[in-house]
Amino acid sequence: MSGTPASTYRLQITADFTLDDAAAVAGYLADLGVTHAYSSPLLRSAAGSTHGYDTVDHAHIDEPRGGQAGFDRFVAALHAAGLGLVLDLVPNHMGVADPHESGWWWDLLRHGRESAHAAAFDVDWDFGGGRVRLPVLGSADDLSKLELVRADGGWELRYYDNRFPVAPGTARDGDDPVAVHDRQHYELVDWRRADSELNYRRFFAINTLAGLRAEDPAVFAATHELVARLVESGAVDALRIDHPDGLADPKGYLDRLAGATGGRWTVVEKILEPGEVLPESWQAAGTTGYDALAEVDGVLVDPSGEPALTALDTELAGSEVDYAQLVHDCKREVTDGILGSEVARLQRIVGEVPGVPAEQVTDGLAELLASFPVYRSYLPDGRAHLDATVAAVRERRPDLTAAVDALHPLLGSAGTELATRFEQTSGPVMAKGVEDSAYYRWARFVALNEVGGDPARFGSTVADFHAAQQVRAERLPGSMTTLSTHDTKRSEDVRARLAVLAELPTEWAALVRGLLDRHPLADRSLAHLVWQNLVGAWPLSRERAHAYVEKAAREAGTSTTWTDPVQEFEDQLHALVDGAFDDATTRAGIEAFVARIAPFGWSNSLAQKLLQLTMPGVPDVYQGTELWDLSLVDPDNRRPVDYDLRRSLLARLDGGWVPPVDDTGAAKLLVVSRTLRHRRDFPETFAGYTPVGAAGTAADSVVAFDRGGVVTVATRLPVRLSGTGWGDTGLQLPNGAWRDLLTGRRAVSDAAGVPLGDLLTQLPVALLVRD
């Protein structure tokens, strides 16, 4: 693919950090060493949107973010700094929270099947009796609160602040609003009916994000016309595609996109399960990097900590957690709950199955979705996953054998409506069941509860890491790599600190038991999750802590939920958080433990950052993470970034300062800037991948590799190393002189290699070139 970046820097563009604000940091990004800014979605989005993934108009740049004029200034600033632009696109869905904001959705509601935009949306008209069901009412009785008003030269129905169109000729002065409503192409229903009776495809279970039929050439053309022009004009150089798993035909979409944009470098937000590979037929350079994140995190986790942390988790949960069963059960809660409408639509497509009751067909569909081992298949790619799932369900649920045997050939018929919709549904079931449920329920070791990871895989070996990178170098050398995104559950530096717990499980268990005794909570697993996150992000404000625990508890859904909050429990949970700040003994215990593990966490942070920036692929730096960033899940990870501080620290580094590894985070900025600059200026030195071994008593505490002219050296398992030191351990490099690009330190390799005790005295990492 053309125009592959050397590296990217993700910017969250909002009404509070506009395109002009982004333009103002272009020079800093160039100084940092990146080659491309990487922007969040910029097309016109719903009023007040803080993320941009709710596009309401594909023909305009969002005005609160700066509009077309702001975009032009942003691009001009990037070009003046020698930078390109990667743009985030959202082809799967659009925002419909306010129908009047979305011209297409408004027209659909006004004209129904006869709308000029009816083909753009995925509506099951027959199930709704020719009407789109909109779950907006507080209760069914609320229809009586509708008002019929004149607006914009016609009639509208109003429900509080919500506006809905009225079809031509269906309203007159004095008409009863409910009677007018009954004549419309939509039906306003109780919001609780969304779980089982909706008739339009959504993004996950978000009623205000309606699925688009990007597989329709006319819909594709209309939604990509502006983007294609921006690419053709040179304003946009590369693309990131949001949620390809929601598309009916991801391969076809990517083929059409490549044709419309000249085959520009494109990555897809595809979550690969461990061992899963991206379909080779896709016109994509790779993923947005969650797979790389899991590989880097894994090699820095000490597998020997697993038994002790499992024992602690078992003690707190009351029994040993079967994670595979937990995932299945969470996914069944999703199929039987918030995505029940999607399962019901699959059942309607199947229709009657001779000899199999309808409820067994529905149960069989739900069980297959709950048991699917990856986010989705792309038939014929991934057929083996379907076959294995059918076999697993037949074994687990013999009562459903007839149902799944009947469904198997139907679901395996590529391109049919049933097979396609099953594929579009399995991804949301996985995401909501695992990322947004199981990850909050299993608190054994939350550093591993990350998008694209598998919490049941407790760490990996250096050999595992090297094998994965050799595959990456061969198959997807242009794929993005990342450690933090706007969607990660915890920032890279929180995970790096929490990784230390695997090396100190006994000390952690003692602290947790004491905290639970002082601040009891009936849901002890959730309490364990809360204490891990507070320690991982400490120091943080009380407000941030309260916001996090409320979201975590409601996502877990074990003691309180979003739709039915349990006030008594949430009061106890917030009291626990207050205790962390107000109870002197508790606060002292937390601060002492954080002081104990923070230096080891910094070592892990620098190691994972250097690994990510130098491993095969295109490294992304999420905004602000060039310094320490102790953020939790969104919206915590979308807070403002202090670029003045970063500029001043970078200027000091460029003046020759080699900083200590301390709480300023300047050491991380040193690693990021020196590595990105070298990747930018000497790309030929990052064209291969050869593992570099070590020999000696602490050989297991280093991971190193040669990219073809530059050698990465990173410390792992720093607690263990602190007890032994490097001793006689040497890095097995060819004889001769080497220079560390980070510190300027010179090292000489002889028969014993490069002594790591000499090389890693200032920093726990090094980036070596021939001197």
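Higher on the page you've got the structure.
Residues numbered from 1 in each chain as written. Predicted model: local features only at pLDDT ≥ 70, side-chain atom pairs only at ≥ 80, totals over all residues. Heavy atoms only, no water.

Engineer: Residues and numbers for the overall build of the protein, please.
Structural biologist: Scanning the protein from N- to C-terminus turns up 27 helices and 27 strands. A compact globule built from 771 residues should have a C-alpha radius of gyration of about 28 Å, and the protein, at 27 Å, falls within 12% of that. When the backbone C-alpha atoms are referred to their principal axes, the protein occupies close to 90 × 60 × 55 Å. Across the protein, every contact between residues at least 6 apart in sequence was considered, and the portion connecting residues at least 24 apart equals 73%. Accessible area of the protein: about 27400 Å², with a carbon and sulfur share of 51%. For the protein, the distance from the average site of its 72 positive side-chain charges to the average site of its 111 negative ones is 2 Å. (Helix = DSSP H or I, 4+ residues; strand = E, 2+ residues; numbered from the N terminus. Rg over C-alpha atoms; globule rule 2.2 N^0.38 Å. Contact = heavy atoms within 4.5 Å. Areas by Shrake-Rupley, 256 points an atom, 1.4 Å probe, with all protein chains shown as cover. Lys, Arg positive; Asp, Glu negative; His and termini not counted. Charge placed at Lys NZ, Arg CZ, Asp CG, Glu CD.)

Engineer: Tell me about the sheet that holds strand S25 (residues 746-749), and please be specific about residues and values.
Structural biologist: Across the sheet, six strands lie side by side as S19-S21-S22-S27-S24-S25; this open sheet has antiparallel pairing. Every interior strand has two partners, whereas the edge strands, strand S19 (690-692) and S25, have only one. Each strand axis lies, on average, 30° off the axis of its neighbour in the sheet, ignoring direction. Both S19 and strand S21 (residues 702-706) contribute to a ladder of three bridges, which runs antiparallel. Residue pairing across strands places Thr690 opposite Asp706, the latter belonging to S21. On the sheet, helix H23 (residues 584-614) packs against S21, strand S22 (711-715) and strand S27 (765-770) and is oriented at approximately 155° with respect to S22. (Pairing = 2+ DSSP bridges. Axes fitted to C-alpha atoms, helices over the stretch in contact; angles between N-to-C directions.)

Engineer: Help me get a handle on the pattern of salt bridges, residues and values and all.
Structural biologist: Inspection of the entire model under this criterion finds 72 salt bridges. Across the pair Asp122 and Arg201 runs a salt bridge whose closest N-O atoms are separated by 3.0 Å. Residue Asp122 is located in the loop between helix H4 (103-111) and strand S7 (132-137), and its partner Arg201 is located in the loop between helix H6 (194-197) and strand S12 (202-203); the two are separated by 79 residues in the primary sequence. Its relative accessible area of 10% is what places Arg201 among the buried residues. Among the ionic pairs, Asp175 bridges to Arg183, the shortest N-O distance being 3.1 Å. (Salt bridge = Lys/Arg side-chain N within 4 Å of Asp/Glu carboxyl O. Buried < 20%, exposed > 50% of the residue type's maximum accessible area, 1.4 Å probe, protein only.)

Engineer: Give a description of the environment of Phe705 that names residues and reports values.
Structural biologist: Looking at the secondary structure, you find Phe705 in strand S21. Relative accessible area serves as the criterion here: at 0%, Phe705 is assigned to the buried category. When the C-alpha positions of Phe705 and Leu379 are compared, they lie 37 Å apart, and in sequence the two are 326 residues distant.

Engineer: Provide a residue-level description of unusual backbone geometry, including the pertinent values.
Structural biologist: The amide bond that connects Leu379 to the next residue, Pro380, takes the cis arrangement and shows omega of 5°. Of note, Pro380 is situated in the loop between helix H13 (358-371) and helix H14 (383-396). Positive phi values are uncommon outside glycine, yet Asp152 reaches one of about 55°. Along the chain, Asp152 turns up in the loop between strand S8 (147-151) and strand S9 (154-159).

Engineer: Quick one: what's the story with the packing of aromatic side chains, residue by residue and with numbers?
Structural biologist: Under the defined criterion, the tally for this structure stands at 18 aromatic pairs. Look at Tyr9 and Tyr643: their rings are 6.5 Å apart centre to centre, the planes differ by 55°, and that puts the pair in the tilted class. A residue pair is termed long-range when its members are at least 10 positions apart, and Tyr9 in strand S1 (residues 8-11) and Tyr643 in helix H24 (residues 643-654) qualify at 634 residues. For the pair formed by Tyr9 and Tyr643, the shared burial category is buried. Ring geometry for Phe203 and Phe204: centres 4.1 Å apart, planes at 15°, overall stacked. Using a relative accessible area of 15% as the deciding quantity, one classes Phe203 as buried. Taken together, Tyr9, Phe17, Tyr28 and Tyr643 form an aromatic cluster joined through their ring pairs. The side chain of Arg133 reaches across the aromatic face of Phe127, ending 4.7 Å from its centre. Looking at Arg256, its charged tip hangs above the ring of Phe220, at a distance of 5.7 Å from the centre. (Phe/Tyr/Trp six-rings, centres within 6.5 Å; stacked < 30°, edge-to-face > 60°. Lys NZ or Arg CZ within 6 Å of the ring centre and 35° of its normal.)

Engineer: Report on the packing of H23 against helix H25 (residues 666-681), specifying residues and quantitative values.
Structural biologist: Interhelical geometry of H23 versus H25 gives an angle of 10° and a closest axis separation of 10 Å. Classified by the angle their axes make, H23 and H25 are roughly parallel. Here Leu606, Lys609, Leu610, Leu613 and Thr614 of H23 lie close against H25, whose contacting residues are Ala667, Lys668, Val671, Val672, Thr675, Leu676 and Arg679. (Parallel < 35°, antiparallel > 145°, perpendicular 65-115°, else oblique.)

Engineer: Can you break down the pairing of S7 residue by residue, with the values?
Structural biologist: Among the six residues of S7, five are classified as buried, and the element is accordingly described as predominantly covered. For S7 and strand S11 (residues 186-190), the ladder comprises five bridges, and the chain directions are parallel. Paired with Pro135 across the bridge in S11 is Val189.

Engineer: Now, about the nonpolar core: what can you tell me, with residues and values included?
Structural biologist: Counting 87 residues, the largest nonpolar core has Leu11, Leu29, Phe71, Phe74, Tyr253, Leu611 and Val765 as the members making the most contacts within it. The residues touching Val765, leaving out its near neighbours within four places in the chain, are Leu606, Ala607, Leu610, Val671, Val713, Ala714, Asp740, Leu742 and Leu760. Within the second largest apolar cluster, 55 residues are counted, among which are Tyr440, Ala443, Leu534 and Val577. (Core = buried A, V, L, I, M, F, W, Y, C linked by side-chain atoms within 4.5 Å.)

Engineer: Hey, could you go over helix H20 (residues 524-537) for me, with residue numbers and the actual values?
Structural biologist: The terminal C-alpha atoms of H20 lie 20 Å apart, and with 14 residues this matches the ideal 20 Å at 1.5 Å per residue to within 8%. For H20, the buried fraction is high: 13 of the 14 residues fall into the buried class. (Expected span 1.5 Å × (residues − 1).)

Engineer: Explain the sheet that holds strand S26 (residues 754-755) to me, and be specific about the residues and the numbers.
Structural biologist: Pairing between the strands of a sheet is mediated by backbone hydrogen bonds and can be parallel or antiparallel. Overall, antiparallel pairing links the three strands, which are arranged S20-S23-S26 in an open sheet. Two strands bound the open sheet, and with one partner strand each, they are strand S20 (694-695) and S26. Sheet topology note: the S20/strand S23 (residues 730-731) ladder contains two bridges and is antiparallel. Following the sheet pairing, Ala695 is matched in S23 by Gly730.

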